[in-house]
Amino acid sequence: MRKFLAIAFASDSIIDGGLTVARKNEEQVLRKEVDELESCLTNLNSPIVFCHNDILLHNVIYNEHTEKISFIDYEYAGFNYQAYDIGNHFCEFAGIDDVDYNLYPGKDFQLKWLRHYLNAWYQYNFPDGCTDTSQMDDKVDILYKQVNKFALASHLTWGIWALVQAKYSTIDFDYKEYSKLRLDEYHRRKDDFLAL
């Protein structure tokens, strides 16, 4: 996020002709949000794993013939918090062309999804059954809280990323509007998600 902020608000940009007072204030507000969110999220102890970091629905391919799922477009892949990747995936339920954040999955769906995820994770990492899954309800609840808090990081990341794209991209897409959508959703969900 900080790298995207540095690019989005670079004052030596020929494109912008320097930063206005309003842009400097916007940058300060976003930097404060990043710092505060980081402080909250780093205390959650979500494991760092290899993540896709962009699991929007167009990047998930289901093969009906083999009944297998695969992923494409790994340009943002790298190590990140496990809960970020899942939270980002849930945020992407809103769609791309006609974004509707009311499609963000509810608690019941998330708990079921997270239970399947954790069961698969334990089976993969402990194929001999060498783990205690007796406290699965607690583990699902912890992951649910982590995922929703990291969903805020997804909104903030892609909101700031869109500011960079609005400044430099030649793609015909309203990145400023997309940034506004993501940052508005961040603010709309912030208090509820951080209270979990």
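Residues numbered from 1 in each chain as written. Predicted model: local features only at pLDDT ≥ 70, side-chain atom pairs only at ≥ 80, totals over all residues. Heavy atoms only, no water.

Note the following rule: UniProt positions are given in the numbering used here, feature names are shortened, and annotations may be inferred rather than shown by experiment.
Per an unreviewed UniProt entry, the chain goes by the name ethanolamine kinase and belongs to Clavelina lepadiformis. As its UniProt record puts it under Pathway (unreviewed entry), the chain is described as follows: "Phospholipid metabolism; phosphatidylethanolamine biosynthesis; phosphatidylethanolamine from ethanolamine: step 1/3."

## Some details on the side chain of Asp 85
Our working definition: Numbering of helices and strands runs from the N terminus, with a helix taken as a DSSP run of H or I at least four residues long and a strand as a DSSP run of E at least two residues long. Under the scheme applied here, a residue whose accessible area is under 20% of the maximum for its type counts as buried, over 50% as exposed, and between as partly exposed, the area being computed with a 1.4 Å probe on protein chains only. The charged-residue count follows a simple rule in which Lys and Arg add positive charge and Asp and Glu add negative charge, with His and chain termini not counted at all. Every case where a carboxyl oxygen of Asp or Glu lies within 4 Å of a side-chain nitrogen of Lys or Arg is listed as a salt bridge. By the criterion applied in these results, polar contacts are pairs of N or O atoms within 3.5 Å in which, for protein atoms, one can donate a hydrogen and the other can accept it, and in which residues neighboring in sequence qualify only through two side-chain atoms. Note on contacts: a residue pair is in contact if any heavy atoms of the two residues lie within 4.5 Å.
Mapped onto the elements, Asp 85 comes out in helix H3 (residues 82-91). Although Asp 85 is buried, it makes no salt bridge; Arg 182 carries the closest opposite charge, 11 Å away. Side-chain polar atoms of Asp 85 contact the backbone nitrogen of Asn 53, separated by 2.8 Å. Ignoring anything within four residues of it in the chain, the contact list for Asp 85 reads Cys 51, His 52, Asn 53, Asp 54 and Ile 55.

## Some words on a nonpolar patch on the surface
Applied cut-off: To count toward a patch, a residue needs a relative accessible area above 30% and no salt bridge. Like charges then connect within 9 Å, nonpolar side chains (Val, Leu, Ile, Met, Phe, Trp, Tyr) within 5 Å. Residue-level accessible areas treat just the shown protein chains as cover; the underlying method is Shrake-Rupley with a 1.4 Å probe.
On the surface, Ile 48, Phe 50, Tyr 62, Ile 69, Phe 71, Tyr 74 and Phe 79 cluster together into a nonpolar patch covering about 830 Å² of accessible area. Relative to the elements of secondary structure, Tyr 74 occurs in the loop between strand S3 (68-71) and strand S4 (78-81). Residue Tyr 74 is classed as partly exposed on the basis of its relative accessible area of 44%.

## What about the packing of aromatic side chains?
Convention followed: Classification of ring pairs rests on two measures: the distance between centres of Phe, Tyr or Trp rings, Trp counted by its six-membered ring, which must be within 6.5 Å, and the angle between planes, read as stacked under 30 degrees, edge-to-face over 60 and tilted in between.
Within this structure, the stated rule accounts for 15 aromatic pairs. Both rings, one in Phe 90 and one in Phe 93, keep their centres 5.8 Å apart while their planes meet at 85°; by these two values the pair is edge-to-face. Relative to Tyr 175, the ring of Trp 161 has its centre 5.7 Å away and its plane inclined at 80°; by these criteria the two rings are edge-to-face. Separated by 14 residues along the polypeptide, Trp 161 in helix H5 (residues 136-168) and Tyr 175 in helix H6 (residues 175-194) bring together distant segments of the chain. Under the relative-accessibility criterion, Trp 161 is labelled buried at 14%.

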